[in-house]
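As a plain string of letters, each chain reads:
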Amino acid sequence: LRSTAAQQAASIEMMDKPAPFLSRHGLWHRYGTAEGLDLLDLQLEHIAEDQDNCLWFGTAFNGALCFDGDSFRRFTPAQGLSGNNVLAILKDRQKRLWFGTWSGDGLCWYDGGEFHRVEGTAGESITFLFEDREGRVWAAGRRIIGYWNEAGFCNLTPADSPQRELPDFGCW
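All values derive from a computational prediction rather than experimental measurement.

*Asks:* Honestly, the nonpolar core in this entry has me stumped. Any pointers?
*Replies:* Most often, soluble globular proteins keep nonpolar side chains buried together rather than apart. Residues Trp 56, Leu 81, Ile 89, Phe 99, Tyr 110 and Phe 115 are the most contacted members of the largest nonpolar core, which totals 14 residues. At the level of secondary structure, the elements contributing two or more residues to this core comprise strand E7 (64-67), strand E9 (86-91), strand E10 (97-101) and strand E11 (106-110). Not counting residues up to four positions away in its chain, the partners in contact with Tyr 110 are Trp 56, Phe 75, Arg 96, Leu 97, Phe 99 and Phe 115. Listed in part, the 13 residues of the second largest apolar core include Ala 88, Trp 98, Leu 129 and Val 137.

So this is what it looks like as structure tokens:
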């Protein structure tokens, strides 16, 4: 696990076994296939908590998992997520969840019902997300930096400069 926005709400301990232990409010429970965790190769990358107190887990290869306190639901490109390699999750002030994905899948946001892909980010790996005081959602990765506001995505990567690619998980 690289980072978490919900440290006070949950603790996760990955054991030698495929099923993780999860603690909410001091009570530990092991989750597995009965609760919707059928993924043997579960590499967690990020955690965020939504407005309904559900925990969202970004995984390296298996999309995003939403945990409602009892069971897990998996989201992949089949459900509209921009990619299976979720390395960044951000809840903005409008309670939308933003997902930055690796392998050129770009950026998308979830409004509680469906995913919305952000034009101008396809083909890019997004590894960092941040919301500023003006409500702009900033996205950055190996070859891109920019922000999204209601007008759309503003790519600030210089178009006339040589393509600069940073090492894996690097950021401008």
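Let's pick the thread back up.
*Asks:* Explanation requested: the side chain of Thr 121 in the structure shown.
*Replies:* Position of Thr 121 relative to the elements: it lies in the loop between strand E12 (115-117) and strand E13 (126-131). Residue Thr 121 is classed as buried on the basis of its relative accessible area, which comes to 1%. Engagement of the side chain of Thr 121 in a polar contact is seen with the backbone oxygen of Val 118, the distance being 2.8 Å. In this structure, Thr 121 is in contact with Gly 106, Leu 107 and Phe 153, ignoring residues within four places of it in sequence.

*Asks:* So what exactly am I meant to see when it comes to the environment of Cys 54 here?
*Replies:* Mapped onto the elements of the fold, Cys 54 is located in the loop between strand E5 (44-49) and strand E6 (55-59). Given a relative accessible area of 12%, Cys 54 falls into the buried group. Sequence separation between Cys 54 and Phe 72 is 18 residues; the distance between their C-alpha atoms is 9.7 Å. When neighbours within four sequence positions are excluded, Cys 54 is seen to be in contact with Ala 48, Glu 49, Cys 66, Phe 67 and Asp 68.

*Asks:* What should I look at first to understand the pairing of E5 in this one?
*Replies:* If a strand is regular, its side chains alternate between the two faces of the sheet. Burial of E5 is extensive: six of the six residues sit out of reach of the surface. Here E5 pairs with E6 via five bridges, running antiparallel. Following the sheet pairing, Ala 48 is matched in E6 by Trp 56. Between E5 and the antiparallel strand that follows it, E6, lie five residues; Asn 53 among them carries a positive phi value of about 65 degrees.

Analysis parameters
Residues numbered from 1 in each chain as written. Predicted model: local features only at pLDDT ≥ 70, side-chain atom pairs only at ≥ 80, totals over all residues. Heavy atoms only, no water. Core = buried A, V, L, I, M, F, W, Y, C linked by side-chain atoms within 4.5 Å. Buried < 20%, exposed > 50% of the residue type's maximum accessible area, 1.4 Å probe, protein only. Helix = DSSP H or I, 4+ residues; strand = E, 2+ residues; numbered from the N terminus. Contact = heavy atoms within 4.5 Å. Polar contact = N/O pair within 3.5 Å; in protein donor to acceptor, adjacent residues only side chain to side chain. Pairing = 2+ DSSP bridges.

As far as function goes, none of this settles anything; it's purely spatial.
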